[in-house]
Amino acid sequence: MKQGNKKLLWQIPFLTLLIVGTVLIIMQQRNMPYRTAEGAIFGTFYHITYQSDKDLKAEIDTALHQVDLSLSPFNPHSIITKVNNNEDVKVDKMFTDVYHVARQVSEATGGAFDITVAPLVNLWGFGFKEGSTPDQPTIDSLMQFVGYDKVSLSSDGRVSKKDPRTMLDCSAVAKGYGSDVVAAVLRRHDVTNYMVEIGGEIVTKGVNEKRLPWRIGVNRPVEDPKQSSTELETILNVTDKAMATSGNYRNFYYKDGKKYAHTIDPKTGRPVQHSLLSATVLADQCAIADAYATAFMVMGIEKAKSLLENHPELMVYFIYSDGKDDFQVWFSPSLRDKIVDD
């Protein structure tokens, strides 16, 4: 028998074993149960679906508690609270991660995204205080210590402020970052099919229990509280992507006949007033998607579209008013293939 034939005969059992092993792994994975984990965090709720033979809820809750202990301004023991109180504290990796994401998006959007804007948000009646209409001198007094460029993070993990009154609030990115953290926990356990959702900020991978791509609805921006808040504008295939949505249509108030949105422009110190009602962003990281969704609500649709020309890695779905009590939609050309219900 020729040497080549002998080698081939030796390889056949090995290849057969490899094929059988692969089939068994696939069958085992298909038979693995899908689990759910739910709870409260960051002042909202989380819902997680994942395929695993392990119950990972305890580890998920531990990871989310660590995010809260790092980034929640409502937690008196958190790192960000200590930073805001001007205590000498060395920040952790989570704080560092979020700071760098925030800085990156702030610089890319010309300051439309800004984690120091909380005092202005509170002044206009969102967050901790009741609604009020501030005068310009009051706004100007706060603008003195609002601005992402007034804060820096040193290589040894210390935050420096140009003005001690500057406060940090990462609420506009923390939910997205939390979703990224949970997704990382699942990946460490070799989970390949999951959907993580924290307060509407989502990370997905693989397929759902029906072996179909993960499909996520985008809510129609209905202001009337008597109408359903779950009315969908479209459905997107978000498999292997992160998605975040920001909107003004449910968080606003009227005073003296004027409508004030909850999104504050860090450059003017005032609520934004433009046609963009909802910004949905798809990206590889939910923290990035979360930050850009907020930034686009500040910028408005035209400035956002201009910025997107230099950021092909982002996909967006914008819902805006046409000024005639009707909605219009604009989305990235690259998003077209992900629209399930057009």
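Note: the structure precedes this text.
Residues numbered from 1 in each chain as written. Predicted model: local features only at pLDDT ≥ 70, side-chain atom pairs only at ≥ 80, totals over all residues. Heavy atoms only, no water.

This part is about the overall build of the protein. In terms of regular secondary structure, the protein is built from 9 helices and 16 strands. In the structure as shown, the protein presents an accessible area of about 17800 Å², 52% of it carried by carbon and sulfur atoms. (Helix = DSSP H or I, 4+ residues; strand = E, 2+ residues; numbered from the N terminus. Areas by Shrake-Rupley, 256 points an atom, 1.4 Å probe, with all protein chains shown as cover.)

Within the largest apolar cluster, 69 residues are counted, with the highest numbers of intra-cluster contacts made by Ile48, Tyr50, Ile60, Phe95, Leu186, Phe296 and Phe318. The contacts of isoleucine 48, once residues within four sequence positions are left out, are Arg35, Thr36, Ala37, Ile60, Val182, Leu186, Met195 and Val196. Of all hydrophobic cores here, the second largest spans 16 residues; its members include Val218, Val238, Met243 and Ile319. (Core = buried A, V, L, I, M, F, W, Y, C linked by side-chain atoms within 4.5 Å. Buried < 20%, exposed > 50% of the residue type's maximum accessible area, 1.4 Å probe, protein only. Contact = heavy atoms within 4.5 Å.)

The next subject is the environment of glutamine 51. By secondary structure assignment, the location of glutamine 51 is in strand E2 (residues 44-51). The spatial distance from the C-alpha of glutamine 51 to the C-alpha of asparagine 193 is 5.7 Å, given a sequence separation of 142 residues. A polar contact of 3.1 Å, which involves the side chain of glutamine 51, links it to the backbone oxygen of methionine 32. Among the polar contacts made by the side chain of glutamine 51, one reaches the side chain of asparagine 193 at a distance of 2.7 Å. (Polar contact = N/O pair within 3.5 Å; in protein donor to acceptor, adjacent residues only side chain to side chain.)

One pass over the structure, following the stated rule, counts 9 salt bridges. Close ionic contact of lysine 57 with aspartate 61 constitutes a salt bridge, the shortest N to O distance being 2.7 Å. With a gap of 4 residues between them, lysine 57 and aspartate 61 both fall in helix H2 (residues 57-71), about one helical turn apart. The salt bridge involving arginine 165 is made with aspartate 163; its shortest N-O contact spans 2.9 Å. (Salt bridge = Lys/Arg side-chain N within 4 Å of Asp/Glu carboxyl O.)

With that settled, consider the sheet that holds strand E15 (residues 315-321). Each strand in a sheet pairs with another by means of backbone hydrogen bonds, the pair being arranged parallel or else antiparallel. Read from one edge of the open sheet, 8 strands run E1-E2-E5-E6-E9-E14-E15-E16, paired in antiparallel fashion. Either end of the sheet is taken by a strand with one partner, and the two such strands are strand E1 (34-41) and strand E16 (327-331). Within the sheet, the average angular offset between the axes of one strand and its neighbour, ignoring direction, is 10 degrees. Sheet topology note: the E15/E16 ladder contains 5 bridges and is antiparallel. Residue phenylalanine 318 lies in a different strand from E16, and its bridge partner there is tryptophan 330. (Pairing = 2+ DSSP bridges. Axes fitted to C-alpha atoms, helices over the stretch in contact; angles between N-to-C directions.)

All told, the structure shown has 4 aromatic pairs when counted by the stated rule. Judged by centre distance (6.0 Å) and plane angle (5 degrees), the ring pair of tyrosine 317 and phenylalanine 331 falls under stacked. In this pair, tyrosine 317 sits in strand E15 while phenylalanine 331 sits in strand E16, placing the two residues 14 residues apart along the sequence. Among the residues examined, phenylalanine 331 registers a relative accessible area of 16% and is labelled buried. Members of the aromatic cluster, joined through ring pairs, are Tyr292, Phe296, Phe318 and Trp330. (Phe/Tyr/Trp six-rings, centres within 6.5 Å; stacked < 30°, edge-to-face > 60°.)

In this section: H2. Compared with the 21 Å implied by 1.5 Å per residue over 15 residues, the 21 Å span of H2 between its first and last C-alpha is a close match. Taken together, the buried positions of H2 are occupied by Ile60, Ala63, Leu64, Val67, Asp68, Ser70 and Leu71. Looking down the long axis of H2, one finds its buried residues gathered within 170 degrees of arc, a one-sided arrangement. Taken together, the buried residues of H2 touch E1, E2, helix H3 (79-84), helix H4 (93-108), helix H7 (171-188) and strand E5 (194-198). (Expected span 1.5 Å × (residues − 1). Arc of directions from axis to C-beta.)

Here we take up the environment of methionine 32. If you trace the backbone, methionine 32 turns up in the loop between helix H1 (3-31) and E1. On the basis of relative accessibility, which here comes to 22%, the residue methionine 32 falls in the partly exposed class. Sequence separation between methionine 32 and glutamine 51 is 19 residues; the distance between their C-alpha atoms is 6.4 Å. Filtering out sequence-adjacent residues up to four positions away, methionine 32 remains in contact with Gln51, Ser52 and Asp53.

The next point concerns the pairing of E1. As paired strands, E1 and E2 are joined by 8 bridges and run antiparallel to one another. When the sheet's bridge partners are listed, glutamate 38 is paired in E2 with histidine 47. What sits between E1 and E2 in their antiparallel hairpin is a turn of 2 residues, with phenylalanine 42 showing a positive phi close to 55 degrees.

The subject of this paragraph is unusual backbone geometry. A positive phi angle is found at phenylalanine 42, which is not glycine, with a value near 55 degrees. Looking at the element boundaries, phenylalanine 42 is found in the loop between E1 and E2. Notably, asparagine 86 is not glycine yet its phi reads approximately 60 degrees, a positive angle. Residue placement: asparagine 86 occurs in the loop between H3 and H4. In this structure asparagine 86 comes out as partly exposed when scored by relative accessible area, which is 42%.

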